[in-house]
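If you want the building blocks of each chain, they are given just below.
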Amino acid sequence: MNKQNIIGILLLFLWIPCFAAELTDPLYPAALPPSISARSAVLIDGETGTILFSQSPSLVIPPASLTKLMTIHLALRAIQTGKASADDIVWLPPETWADNQPPRSSLMFLGRNQTVTLGELLLGMAVSSGNDAAVAAALHLAPSIEAFVAMMNAEAGLLGLASTRFFEPAGISPENTTTALDFARFCRMYLHKHPESVALLHSVPTFAYPQAVNTGNEPSRTIVQNNRNTLLGISGVDGIKTGYIPEAGNNIALSARRGETRLTVIILGASGEAERDRDGMALLDWGFANFKTMRSAVEYLPDVRIWGSKRKYGALKLGGEPAFTVSARRGGILQINIERLSHLRAPLPAGEQGGTLIISDEMGELYRMPLVLEKEAVRGNFIRVLFDSIALFFQKLFGKS
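This report concerns the structure included in the present document. (Residues numbered from 1 in each chain as written. Predicted model: local features only at pLDDT ≥ 70, side-chain atom pairs only at ≥ 80, totals over all residues. Heavy atoms only, no water.)

Turning our attention to helix H9 (residues 382-397). If you check H9, its first and last C-alpha atoms are 22 Å apart, about what 16 residues at 1.5 Å a residue would give, namely 22 Å. Inspection of H9 places Val385, Asp388, Leu392 and Gln395 among the buried residues, and these make up the whole buried set. All buried residues of H9 project into a common sector of 90° when viewed along the axis, lining one side. Looking at H9, the residues exposed on the side facing more than 90 degrees away from the buried face are Phe382, Phe387 and Leu397. Looking at the buried residues of H9, the elements they touch are strand S11 (304-307) and strand S16 (344-345). (Helix = DSSP H or I, 4+ residues; strand = E, 2+ residues; numbered from the N terminus. Expected span 1.5 Å × (residues − 1). Buried < 20%, exposed > 50% of the residue type's maximum accessible area, 1.4 Å probe, protein only. Arc of directions from axis to C-beta. Contact = heavy atoms within 4.5 Å.)

Right, here's the structure in full:
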């Protein structure tokens, strides 16, 4: 055997394990991620929360006007719970007027003697990124800015956003803090809780204010502003928010849907808007090319035997997220396998694991999730418990599963 043949065989053996790993890993990307110039970035599957890319994800950076998403979230929650309405007429004290906002503020152009609804303020924040709109919404939902900020921070705490803290509702303060990882998780929650916001707020291309109806007898000076997100409508982008202050740089939270997959990317600390948009689109293109969201389509789950229970069998339900993320090259032909636990004994609470659902393709396992009891398994009478205990003893003795 000559030297070239020996080298070829050695290379083949070195290559096989890499190929096997590629075939069995459901998240193995086909291509390396792009180079990102921003200080921090995170890309996630917007439905499953799976992190697909991260660069300095825990770097603390001011969110700038991304802060307004928390303000919008609290307003939408108030509307959903009946504590407020989009048609509420909002009182405009002097601190809400555009003339009283900090220099170089993005504005909705609120002013004296105007009539504005909470719904219009939401558009003013989402489209025009109005600092005045954020202040007005905060004062409508809480007795003071301080009280509203306390609500913002309480919500961040409940959501587990450990590095996110707010000092005001608009995003102008460099003391507001977040990380790309925190904000990616927040955006996933936000879009899950408020799916209607994509069409009603974040993908709206322009917003005009004030209209003649808003200014009473005073002459109208309507100002039409374009959405600050210049990537809207490009390659599936339908939201969500941009932000800039000098201390942070250029930030963007982007969400896009292509087919059945929604991805969310957070860019923090880009040197300019062009760099911000380039980084965001590069990550979205790479993400969609290499990953996809799949969903378990299980139409029937068998019951599970519960020994010593008043009812012989218990119904099962999915105990995890039905959606999962895989490589774009995986998931061609799905196979579903259900493994039920064989030695369950009553009493058992609802939600107790009774089995596992395993989803595979021709290359191997893709995803598994627990199957749990739909209802509590109540202990049966003495006779039932006695007979089931004897049957279970012999089942274990003879090794039956």
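Moving on, we get to the layout of surface pockets. Space inside the largest pocket adds up to approximately 520 Å³. Taken together, 24 residues line the largest pocket, and the ones lying closest to its centre are Arg104, Ser105, Ser106, Tyr244 and Ile245. Secondary-structure elements contributing two or more residues to the lining of the largest pocket are strand S7 (237-245) and helix H8 (273-290). Here the lining of the largest pocket gets 5 residues from one element, more than from any other, and that element is S7. Along the lines of polarity and charge, the residues of the lining of the largest pocket split into 7 nonpolar, 10 polar and 7 charged. Here the second largest pocket is characterised by a volume of approximately 310 Å³. If you trace the second largest pocket, you find it lined by Gly46, Glu47, Arg188, Met189, Leu191, His192, Pro195, Val198, Arg257, Arg262 and Glu321. (1 Å grid on protein atoms, 1.4 Å probe; cavity = no way out; pocket = protein on both sides within 12 Å on 5 of 7 lines; lining within 4 Å. Points joined across faces, edges and corners; volume = space filled by probe spheres on them. Nonpolar A, V, L, I, M, F, W, Y, C, P; charged D, E, K, R; others polar.)

As a further point, take helix H2 (residues 67-80). The end-to-end C-alpha separation of H2 is 20 Å, in line with the 20 Å expected for 14 residues at 1.5 Å each. With respect to burial, H2 is a largely interior element, 11 of its 14 residues being buried. Here H2 has its buried residues at Thr67, Lys68, Leu69, Met70, Thr71, Ile72, His73, Leu74, Ala75, Leu76 and Ala78. Tucked inside the fold, the buried residues of H2 contact helix H3 (118-126), helix H4 (131-141), helix H5 (145-158), helix H6 (180-193), helix H7 (197-202) and S7. A positive backbone phi angle near 85° is found at Gly82, which sits one or two residues after H2.

Packed helix pairs are characterised by how far apart their axes lie and by the angle those axes make with each other. Look at H2 against H4: their axes get within 10 Å of each other, and the N-to-C directions meet at 40°. For the element pair H2 and H4, the recorded crossing hand is left-handed. Residue-level contacts link Lys68, Thr71, Leu74, Ala75 and Ala78 of H2 to Asn131, Ala134, Ala137 and Leu141 of H4. Looking at the contact of H2 with H4, its residues break down into 6 nonpolar, 2 polar and 1 charged. (Axes fitted to C-alpha atoms, helices over the stretch in contact; angles between N-to-C directions. Left-handed = near helix turned anticlockwise from the far one by under 90°.)

What follows deals with the pairing of strand S5 (residues 206-209). Alternating residues of S5 divide into Phe207 and Tyr209, all buried, and Thr206 and Ala208, none buried. The sheet contact formed by S5 and strand S6 (residues 223-226) spans 4 bridges and is antiparallel. Pairing of Ala208 across the sheet is with Val224, part of S6. (Pairing = 2+ DSSP bridges.)

Taken as a whole, this structure holds 7 salt bridges when the rule is applied. Linking Asp285 and Arg258 is a salt bridge whose minimum nitrogen-to-oxygen distance equals 2.7 Å. Of the two residues, Asp285 is situated in helix H8 and Arg258 in strand S8 (residues 249-258); the sequence distance between them amounts to 27 residues. What makes Asp285 partly exposed here is its relative accessible area of 37%. Residue classification places Arg258 among the partly exposed residues on the basis of a relative accessible area of 26%. (Salt bridge = Lys/Arg side-chain N within 4 Å of Asp/Glu carboxyl O.)

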